[in-house]
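Summary of the model geometry
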Amino acid sequence: DIDGVGPKYHLELVLEDIVDEDSTVNCTAEVLYHLGNKNIAPDVQFTIEGELKNADEADNIFYSRIKSLENELVAENIPDSHGHVSPEMEPIRLLAWVASGYVMWQNSTENTKFQFAQIKHVKQVKRSDEYLEFDYMILLHEMVSQEIIPWQMTVLWHPQHGVQVTQDSRQPKHA
Amino acid sequence: TSNMKLILIFSALFGASLCLESFVGHQVLRIKTRNEEEVKKLQLLDSLEHLELDFWINPSTPALPVDVRIPANGVQAVKAFLESHGIEYSTLIEDLQVVLDKEKQDMACSQQRDRSSNSFNYGTYNSLDSIYAELDHLASEFSNIVSKMKIGESYEKRPLYVLKFSTGGRNRPAIWIDAGIHSREWVTQASAVWIAKKIASDYGKDPSITSLLNKMDIFLLTVSNPDGYVFTHTTNRMWRKTRSKNQGSPCVGVDPNRNWDAGFGGPGASSNPCSDSYRGPRANSEVEVKSVVNFIKNHGNIRAFLTLHSYSQLLMYPYGYKCTKPADYAELDALGRAAANSIQSLYGTTFTVGSICTTIYQASGGSIDWSYDYGIKYSFAFELRDTGRYGFLLPVNQIIPTAEETWLGLKTIMEHVRDNSY
């Protein structure tokens with residue numbers, strides 16, 4: 001506990017590549033929760049020991065595929081009720097998962113535990129510049145309250161420039 | 001001599017068909033011999049090959065009965081012989097062909113059931129109707145040990161079906177297992193049906209389950225929350241609660257695992273009907289919960305209460321409503337770890353073991369807290385695969401592996417219960 005500020009956690013964790021589960025990297029992090037103001041995201045400092053695996057090839061293939069689509073990509077329910085994700089949609093799901101990590105971080109307190117649950121809806125927004133833009137409606141599962149929370153997020157991505165969430169907003173749950 | 005007479009009489013009757021395909025009119029007699037002399041007379045009969053007597057139990061000692069199949073044309077003569085020598089007998093089978101025909105019919109019937117039951121796919125998520133049909137199928141295919149009982153009805157009047165696995169006895173000590181109390185946790189209902197099939201098929205083959213069922217009964221509630229389950233299929237895949245109407249609120253449903261009479265109203269449950277952890281207006285307000293409570297209380301001899309949830313890969317014992325250790329902490333923790341090891345042995349899936357409060361969060365009104373405080377020492381809650389990658393939407397190719405590993409964990413606990421009566 002840091003007096004006057006809030007509890008601080010020291011973490012040692014292992015990062016595992018989703019696509020290649022044998023590829024792991026050690027990581028240490030310090031997380032500081034702001035006791036006073038719960039509307040501020042916790043501070044996170046981290047160090048990665050070693051390098052994350054290079055995903056350039058897969059990134060470029062995905063990028064080219066989407067850029068060359070005649071019509072904007074539209075999809076829903078990823079994964080579907082049976083946990084199925086088509087191969088073409090897998091990168092869309094991974095992108096949502098990564099982007100949702102930012103949303104979770106921004107909305108975490110000591111008493112929340114978020115998991116990404118599902119993409120309800122995704123629509124590509126065509127851009128004149130080199131970025132890909134997707135408008136997502138996702139579901140987050142908050143494990144302490146057990147709530148399923150719909151969340152809208154606008155995600156920008158480029159193979160060399162990474163992921164950005166430019167806009168996000170919590171949606172009302174329907175009864 | 002009388003023996004010579006014997007041979008003459010029976011030789012006269014020699015003939016008829018050597019073809020053994022038809023057993024029309026063949027009778028099976030059970031002969032009770034009182035002394036060695038009578039045994040010798042039957043052995044003589046045996047030596048008369050033209051009679052084509054087929055001894056199912058051979059004449060050897062007066063202590064044992066002699067069972068013999070007699071072709072149709074020899075029945076009267078053999079009976080006359082026995083009566084004239086004062087040898088006691090009874091008719092076991094009046095007409096063997098009738099018995100064989102019935103058996104053939106039974107086999108064809110059950111084969112057809114097997115063929116049509118191949119339409120139930122254990123490796124996918126099935127509708128409620130499909131699951132209920134399969135419960136019926138299991139109860140009829142394994143009718144010697146499986147029966148289906150209705151323990152109540154859901155809010156929307158769907159039956160709550162429990163499968164009883166029993167080899168007899170009256171009110172034997174029993175194990176309770178339930179799944180699907182939270183309807184979106186689909187791998188639990190799916191695993192439960194697989195486990196039902198596993199228990200039924202393995203009885204008589206697997207030494208562990210055989211010895212277990214020879215002493216104890218198992219009660220399995222595969223779909224604890226059928227209204228919720230149907231709703232996850234028709235409307236909202238992420239529905240968790242029951243579907244009961246809440247007075248004065250537009251929001252529907254109560255969290256059935258906050259509704260038990262264990263620390264009810266305490267921290268870790270919501271008083272807001274719109275919440276996914278809404279505890280309900282009072283303990284046992286949900287008929288789905290009340291039905292189980294009534295069953296357990298009326299049975300009076302339940303020794304273990306095991307409940308399946310997903311996801312997170314956890315194996316937990318009480319308490320959830322308070323963070324103090326249960327009196328049996330040491331034993332439950334050790335047993336939990338043993339069960340987790342069994343689970344891990346199959347596919348390497350790791351489960352974290354601990355009390356609910358220290359492992360996930362404080363939560364009041366939970367089922368295993370109620371069962372434990374009621375006196376059922378072996379109360380455990382499982383959270384099955386995975387740890388969040390797919391969460392509730394676990395891909396179908398993981399259903400059977402999940403069921404298989406979960407079964408090993410359940411078995412470890414059940415074996416301990418079997419060997420530790422209390």
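Residues numbered from 1 in each chain as written. Chains lettered and ligands numbered in written order. Predicted model: local features only at pLDDT ≥ 70, side-chain atom pairs only at ≥ 80, totals over all residues. Heavy atoms only, no water.

An unreviewed UniProt entry annotates chain B as CBPA2 Carboxypeptidase originating from Spizaetus tyrannus. According to the UniProt record, the Subcellular location (unreviewed entry) comment for chain B is "Secreted". Recorded under Cofactor (unreviewed entry), the UniProt text for chain B is reproduced unchanged: "Zn(2+)". (UniProt positions renumbered as here; feature names shortened; annotations may be inferred.)

Under an unreviewed UniProt entry, the name given to chain A is LXN protein, and the organism recorded is Spizaetus tyrannus.

1. Thoughts on the overall build of chain B
The secondary structure content of chain B amounts to 13 helices and 12 strands. Against the compact-globule benchmark of 22 Å for 422 residues, chain B has a radius of gyration of 30 Å, which places it well outside the compact range. Taken along the three principal axes of its C-alpha coordinates, chain B extends 100 × 45 × 40 Å. Burial status across chain B gives 56% buried among its 422 residues. Within chain B, contacts between residues separated by at least 24 positions form 74% of all contacts whose residues are at least 6 apart in sequence. When the accessible surface of chain B is totalled, it reaches about 17900 Å², and 50% of it is carbon and sulfur. The average position of the 43 basic charges and that of the 45 acidic charges among the side chains of chain B differ by 6 Å. (Helix = DSSP H or I, 4+ residues; strand = E, 2+ residues; numbered from the N terminus. Rg over C-alpha atoms; globule rule 2.2 N^0.38 Å. Buried < 20%, exposed > 50% of the residue type's maximum accessible area, 1.4 Å probe, protein only. Contact = heavy atoms within 4.5 Å. Areas by Shrake-Rupley, 256 points an atom, 1.4 Å probe, with all protein chains shown as cover. Lys, Arg positive; Asp, Glu negative; His and termini not counted. Charge placed at Lys NZ, Arg CZ, Asp CG, Glu CD.)

2. What to know about the interface of chain B and chain A
The interface is formed by 25 residues belonging to chain B together with 25 residues belonging to chain A. Carbon and sulfur atoms make up 51% of the area that chain B and chain A hide from each other, which totals about 2000 Å². Our count for the chain B to chain A interface comes out at two salt bridges. As a salt-bridge pair, arginine 389 of chain B and glutamate 16 of chain A come within 3.9 Å of each other at their nearest N and O atoms. Our count for the chain B to chain A interface comes out at 10 residue pairs in polar contact (both at pLDDT 80 or more). For the side of chain B that touches chain A, a count of residues per class yields 14 nonpolar, six polar and five charged. (Buried area = accessible area lost by both parts, 1.4 Å probe. Salt bridge = Lys/Arg side-chain N within 4 Å of Asp/Glu carboxyl O. Polar contact = N/O pair within 3.5 Å; in protein donor to acceptor, adjacent residues only side chain to side chain. Nonpolar A, V, L, I, M, F, W, Y, C, P; charged D, E, K, R; others polar.)

3. Some words on the sheet that holds strand S3 (residues 43–49) of chain A
All names here are of chain A. Spatial ordering of the open sheet is given by S1-S2-S3, a layout of three strands whose pairing is antiparallel. The open sheet has two free edges, formed respectively by strand S1 (8–16) and S3, since each of these has just one partner strand. Taken over all neighbouring pairs, the strand axes of this sheet differ in orientation by 20 degrees on average, direction set aside. In this sheet, strand S2 (residues 24–32) lies alongside S1 in antiparallel orientation, the contact comprising nine bridges. Along S2, the bridge assignment pairs histidine 10 with glutamate 30. (Pairing = 2+ DSSP bridges. Axes fitted to C-alpha atoms, helices over the stretch in contact; angles between N-to-C directions.)

4. What to know about helix H7 (residues 207–215) of chain B
Burial in H7 of chain B covers these residues: Ser208, Ile209, Thr210, Leu212 and Leu213 of chain B. Among the structural elements, strand S6 (159–165), helix H6 (186–202), strand S8 (217–221) and helix H13 (399–419) of chain B are those in contact with the buried residues of H7 of chain B.

5. Notes on the packing of helix H5 (residues 128–141) of chain B against helix H8 (residues 226–234) of chain B
All names here are of chain B. Running from amino to carboxyl end, H5 crosses H8 at an angle of 130 degrees, the nearest separation of the two axes being 10 Å. Comparing the axis directions of H5 and H8 gives the class oblique. Contacts from Leu128, Ile131 and Tyr132 of H5 reach H8 at Pro226, Tyr229 and Val230. Tallied by class, the residues present in the contact of H5 with H8 amount to six nonpolar, no polar and no charged. (Parallel < 35°, antiparallel > 145°, perpendicular 65-115°, else oblique.)

6. Observations regarding the environment of valine 193 of chain B
All names here are of chain B. Its place among the elements puts valine 193 in helix H6. Judged by relative accessible area, valine 193 falls into the buried class, the value being 1%. Excluding residues within four positions of it along the chain, valine 193 makes contact with Phe120, Tyr122, Ile131, Glu134, Leu138 and Thr222.

7. Observations regarding the pattern of salt bridges
In total, this model carries 25 salt bridges over all chains according to the counting rule given. The shortest N-O distance in the salt bridge between glutamate 147 of chain A and lysine 173 of chain A comes to 2.6 Å. A residue pair is termed long-range when its members are at least 10 positions apart, and glutamate 147 of chain A in strand S7 (residues 147–158) and lysine 173 of chain A in the segment after strand S8 (162–170) qualify at 26 residues. Residue class for lysine 173 of chain A comes out partly exposed when judged on its relative accessible area of 39%. Close ionic contact of aspartate 67 of chain B with arginine 30 of chain B constitutes a salt bridge, the shortest N to O distance being 2.8 Å. Highlighted residues: aspartate 67 of chain B in strand S3 (residues 66–70) and arginine 30 of chain B in strand S1 (residues 27–32), separated in sequence by 37 residues. Of the residues examined, aspartate 67 of chain B reaches a relative accessible area of 5% and is grouped as buried. Among the residues examined, arginine 30 of chain B registers a relative accessible area of 27% and is labelled partly exposed. Salt bridges here are not isolated pairs; linked through shared partners, they connect Glu16 and Glu21 of chain A together with Arg389 of chain B.

8. Considering the domain arrangement of chain B
Each assigned domain of chain B is listed with its residue range as follows: domain 1 (27–98) and domain 2 (122–420). The C-alpha centroid of domain 2 of chain B is placed 57 Å from the C-alpha centroid of domain 1 of chain B. (Domains from an automatic or database assignment.)

9. As for the state of the cysteines
All names here are of chain B. What the rule picks out here adds up to two disulfides over all chains. Paired through a disulfide, cysteine 251 and cysteine 274 show a sulfur-sulfur distance of 2.0 Å. The S-S bond linking cysteine 251 to cysteine 274 shows a torsion near 90 degrees; that makes this disulfide right-handed. Of the two residues, cysteine 251 is situated in the loop between H8 and helix H9 (287–299) and cysteine 274 in the loop between H8 and H9; the sequence distance between them amounts to 23 residues. Judged by relative accessible area, cysteine 251 falls into the buried class, the value being 7%. With relative accessibility at 30%, the residue cysteine 274 sits in the partly exposed group. Across chain B, the disulfide pattern expressed with sequentially numbered bonded cysteines is 1-2, 3-4. (Disulfide = S-S within 2.5 Å.)

10. Observations regarding the domain arrangement of chain A
Residue and element names in this part refer to chain A. Each assigned domain of chain A is listed with its residue range as follows: domain 1 (1–53) and domain 2 (54–170). Distance from the C-alpha centre of domain 1 to the C-alpha centre of domain 2: 21 Å. Facing the 11 residues of domain 1 at the interface are nine residues of domain 2. Of the roughly 860 Å² buried between domain 1 and domain 2 on both sides combined, carbon and sulfur atoms contribute 62%. Considering only the surface of domain 1 that becomes buried against domain 2, Ile18, Tyr33 and Lys53 emerge as the three largest contributors, covering 43% of it. Inspection of the region where domain 1 meets domain 2 yields zero salt bridges.

11. A look at the pairing of strand S12 (residues 378–384) of chain B
Residue and element names in this part refer to chain B. Of all seven residues in S12, seven are buried, a share of seventy percent or more. Judged by which residues are buried, S12 turns out to be covered on both faces: Tyr378, Phe380, Phe382 and Leu384 on one side and Ser379, Ala381 and Glu383 on the other are all buried. The pairing of strand S9 (residues 302–310) with S12 spans seven bridges and is classified as parallel. Counterpart to leucine 306 in the pairing with S12 is phenylalanine 380. Here strand S10 (residues 314–317) pairs with S12 via three bridges, running antiparallel. By the bridge assignment, leucine 315 is partnered in S12 with phenylalanine 382.

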